[in-house]
Amino acid sequence: ISENLAFRHSADALFQRIDSFKESKIIIDFSDVKTITSSFAHQYIINREKSTKKIVEINISPNIKKMLDLIKKRRKSLKLSPAPHKVIEVTNNY
């Protein structure tokens, strides 16, 4: 895993690789990770939830854990209380 985790497509690529392994339990070592963006964290969590593998994360620094926990909390709150929809009428009258 790289030092700076920034892009959604990087999280997708990571899980494509993980899902290609025959092992059912995968250990991801975060010891060299220095930064993680909310975009990567969000896509990582989505992919983790979809994966059939048992993912074990080790050596997660406090700031990386904080970002992952924040994204998990946001996702949970969005699932529990969807935003109300508002209908707006659009016309061509100027």
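Summary of the structure given here. Keep in mind that what you see is a predicted model, and the values were worked out from it rather than measured. (Residues numbered from 1 in each chain as written. Predicted model: local features only at pLDDT ≥ 70, side-chain atom pairs only at ≥ 80, totals over all residues. Heavy atoms only, no water.)

### Considering the side chain of asparagine 47
Link 1 in the chain: Position of asparagine 47 relative to the elements: it lies in helix α2 (residues 38-50).
Link 2 in the chain: A polar contact of 2.9 Å, which involves the side chain of asparagine 47, links it to the side chain of aspartate 12.
Link 3 in the chain: If we skip the residues at most four places from it in the chain, asparagine 47 touches Ala11, Asp12 and Phe15. (Helix = DSSP H or I, 4+ residues; strand = E, 2+ residues; numbered from the N terminus. Polar contact = N/O pair within 3.5 Å; in protein donor to acceptor, adjacent residues only side chain to side chain. Contact = heavy atoms within 4.5 Å.)

### Considerations on the side chain of serine 51
Link 1 in the chain: Structurally, serine 51 can be placed in the loop between α2 and β4 (54-58).
Link 2 in the chain: Using a relative accessible area of 12% as the deciding quantity, one classes serine 51 as buried.
Link 3 in the chain: In this structure serine 51 touches Phe15 and Asp19, once residues within four positions along its chain are discounted. (Buried < 20%, exposed > 50% of the residue type's maximum accessible area, 1.4 Å probe, protein only.)

### Some details on α2
Link 1 in the chain: With 13 residues, α2 should cover 18 Å at 1.5 Å per step; its first-to-last C-alpha distance of 18 Å lies within 8% of that length.
Link 2 in the chain: Every buried residue of α2 is listed here: Phe40, Ala41, Gln43, Tyr44, Ile45, Ile46 and Asn47. (Expected span 1.5 Å × (residues − 1).)

### Quick look at the pairing of strand β2 (residues 25-29)
Link 1 in the chain: Residues of β2 alternate between two faces, with Ile26 and Ile28 buried on one and Lys25, Ile27 and Asp29 left unburied on the opposite face.
Link 2 in the chain: Taken together, the five bridges between β2 and β4 define a ladder with parallel strand orientation. Paired with isoleucine 28 across the bridge in β4 is glutamate 57. (Pairing = 2+ DSSP bridges.)

### Structural notes on unusual backbone geometry
Link 1 in the chain: Even without a glycine there, the phi angle at asparagine 59 is positive, about 55°.
Link 2 in the chain: Tracing the backbone shows asparagine 59 in the loop between β4 and α3 (62-80).
Link 3 in the chain: Take asparagine 59: its relative accessible area is 46%, and that puts it in the partly exposed class.

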